[in-house]
Amino acid sequence: MNRNAPIGVFDSGLGGLTALRQLQKDLPLEKFIYFGDTARVPYGGRDKETLRSFAQSDIALLRSFGVKAILVACGTLSSVLLEEIRGDYDIPLVGVVKSAAAAASEKGSRVAVWGTAASIGSGAYAREVERLGKKAVSSVPCPKLVPLIESGNTAPDHPETKAAIAEYLAPVLLAQADVLILGCTHYPLLEEAIRAQADIPLINSGKESVRSLKETLAAQGLLRTDGEGSTRYFVSGDIETFVKQGSLFMGEDLCGKVEYADAGK
Ligand code: DGL
């Protein structure tokens, strides 16, 4: 594989941007292809076979750009089936669960996790936390958050967002957790709103996965050593909505930079 090939990053929508932003910072020479499957978001309430077919088509789309590795910047797919499908591919696929659990374990011994229904149902984060010798004291499915984020309702004082965060924080505080994994890559877009309600260290699963991707590429001699970094953005749904929310989060105007791609075919 050519070290100058791009790196693929994907998620159901905006969530993977939490990883991409860190990737652009830490790997400035790399070329990135980002895909947000916004026509099929949210992923978190889907069954495993549907998720498998989504993952296969998303990966096939990124492979059509000749990517050298893929960051599965989605807590749901990383939790539910990454370990099962990894062997089907001849390029590295890196997920978000292990690195987030490792970062949480360094911060505390009573770990709470927020995730989608599918991620929490899989038990993947809790298993990894326990494997690292820490206690997974609370695992909370948060189905209201991704639709709120995708529709741009991220302000700390937005009534529905505020109420949903309070609801999901309650079991975490009750369990006296000392660190909270934001196990869905979308959730860091609510960081300010969460911090407005609780004083607990937050682990950004997308951001943490970047170190693991970097290590994987370095081990295989696949890091770019010169050239100019770039990012191409693709979505399967409405471009304007993604541009609006994505620009806010990336701190960069994405107008004219987002293209359409259909992973479902
Ligand atoms: N951001 C993804 C995750 O980390 C998907 C969320 C969703 O589409 O439900 O789980």
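Definitions and cut-offs
- Residues numbered from 1 in each chain as written.
- Predicted model: local features only at pLDDT ≥ 70, side-chain atom pairs only at ≥ 80, totals over all residues.
- Heavy atoms only, no water.
- Pairing = 2+ DSSP bridges.
- Helix = DSSP H or I, 4+ residues; strand = E, 2+ residues; numbered from the N terminus.
- Contact = heavy atoms within 4.5 Å.
- Axes fitted to C-alpha atoms, helices over the stretch in contact; angles between N-to-C directions.
- Core = buried A, V, L, I, M, F, W, Y, C linked by side-chain atoms within 4.5 Å.
- Buried < 20%, exposed > 50% of the residue type's maximum accessible area, 1.4 Å probe, protein only.
- Near = heavy atom within 4 Å.
- Polar contact = N/O pair within 3.5 Å; in protein donor to acceptor, adjacent residues only side chain to side chain.
- Areas by Shrake-Rupley, 256 points an atom, 1.4 Å probe, with all protein chains shown as cover.
- Nonpolar A, V, L, I, M, F, W, Y, C, P; charged D, E, K, R; others polar.
- Phe/Tyr/Trp six-rings, centres within 6.5 Å; stacked < 30°, edge-to-face > 60°.

## Focus on the sheet that holds strand β9 (residues 230–235)
Working step 1: Taken in spatial order, the 6 strands of this open sheet run β4-β3-β1-β2-β9-β10, and their pairing is parallel. The two strands at the open ends of the sheet, each matched to only one other strand, are β4 (93–94) and β10 (258–260).
Working step 2: Pairing of strand β3 (residues 69–72) with β4, which is carried by 2 bridges, proceeds in the parallel orientation. Residue pairing for β4: Leu 71 is matched across the bridge by Val 94.
Working step 3: Docked against the sheet, helix α12 (residues 239–250) engages β2 (31–36), β9 and β10, running at close to 150° with respect to β10.

## With respect to the nonpolar core
Working step 1: Of all hydrophobic cores here, the largest spans 52 residues; its most connected members are Trp 114 and Leu 145.
Working step 2: Per element, the largest residue contribution to this core is 5 residues, and it comes from helix α9 (residues 159–174).
Working step 3: Excluding residues that lie within four positions of it along the chain, Leu 145 makes contacts with Trp 114, Ala 164, Ile 165, Tyr 168, Tyr 187 and Leu 190.
Working step 4: The next biggest cluster of nonpolar side chains, apart from the first, holds 26 residues, and it includes Val 72, Cys 74, Ile 91 and Leu 93.

## Re the pairing of β2
Working step 1: In terms of burial, β2 is a largely internal element, 5 of the 6 residues being buried.
Working step 2: The pairing of strand β1 (residues 7–11) with β2 spans 5 bridges and is parallel. Within β2, the position partnered with Gly 8 by the bridge is Ile 33.
Working step 3: For β2 and β9, the ladder comprises 6 bridges, and the chain directions are parallel. Note on β9: the bridge partner recorded for Phe 32 is Thr 231.

## A closer look at the site of the ligand
Working step 1: The environment of the ligand is formed by 14 residues, the closest being Ser 12, Tyr 43, Gly 75, Thr 76 and His 186.
Working step 2: A distance of 2.7 Å is found between an oxygen atom of the ligand and a backbone nitrogen or oxygen belonging to Gly 44.
Working step 3: Interatomic distance of 2.8 Å between a backbone N/O atom of Thr 185 and an oxygen atom of the ligand.
Working step 4: Out of a free accessible area of 300 Å², the ligand has 99% covered by protein chains.
Working step 5: Class assignment of the residues belonging to the shell around the ligand gives a composition of 6 nonpolar, 7 polar and 1 charged.

## Section: the sheet that holds strand β8 (residues 202–204)
Working step 1: Across the sheet, 4 strands lie side by side as β6-β5-β7-β8; this open sheet has parallel pairing. Of all strands in the sheet, those bounded by a partner on one side alone are β6 (135–141) and β8. Averaged over all pairs of adjacent strands, the angle between strand axes in this sheet comes to 25°, irrespective of strand direction.
Working step 2: Where strand β7 (residues 179–182) lies against β8, 3 bridges are found, and the strand directions are parallel. Looking at β8, one finds that Leu 180 is bridged to Leu 202.
Working step 3: Running at roughly 160° to β6, α9 makes contact with β5 (110–115), β6 and β7 of the sheet.

## A short note on the packing of aromatic side chains
Working step 1: In this structure the tally under the stated criterion is 6 aromatic pairs.
Working step 2: Arranged with centres 6.3 Å apart and planes meeting at 55°, the rings of Tyr 34 and Tyr 233 form a pair that is tilted. Of this pair, Tyr 34 sits in strand β2 while Tyr 233 is found in strand β9, placing the two residues 199 residues apart along the sequence.
Working step 3: Residue Tyr 34 is classed as buried on the basis of its relative accessible area of 0%.
Working step 4: Take Tyr 233: its relative accessible area is 1%, and that puts it in the buried class.
Working step 5: Measuring from centroid to centroid gives 5.0 Å for Phe 65 and Phe 234, while their planes differ by 40°, and the two rings are tilted.

None of this, on its own, says anything about what the molecule does.
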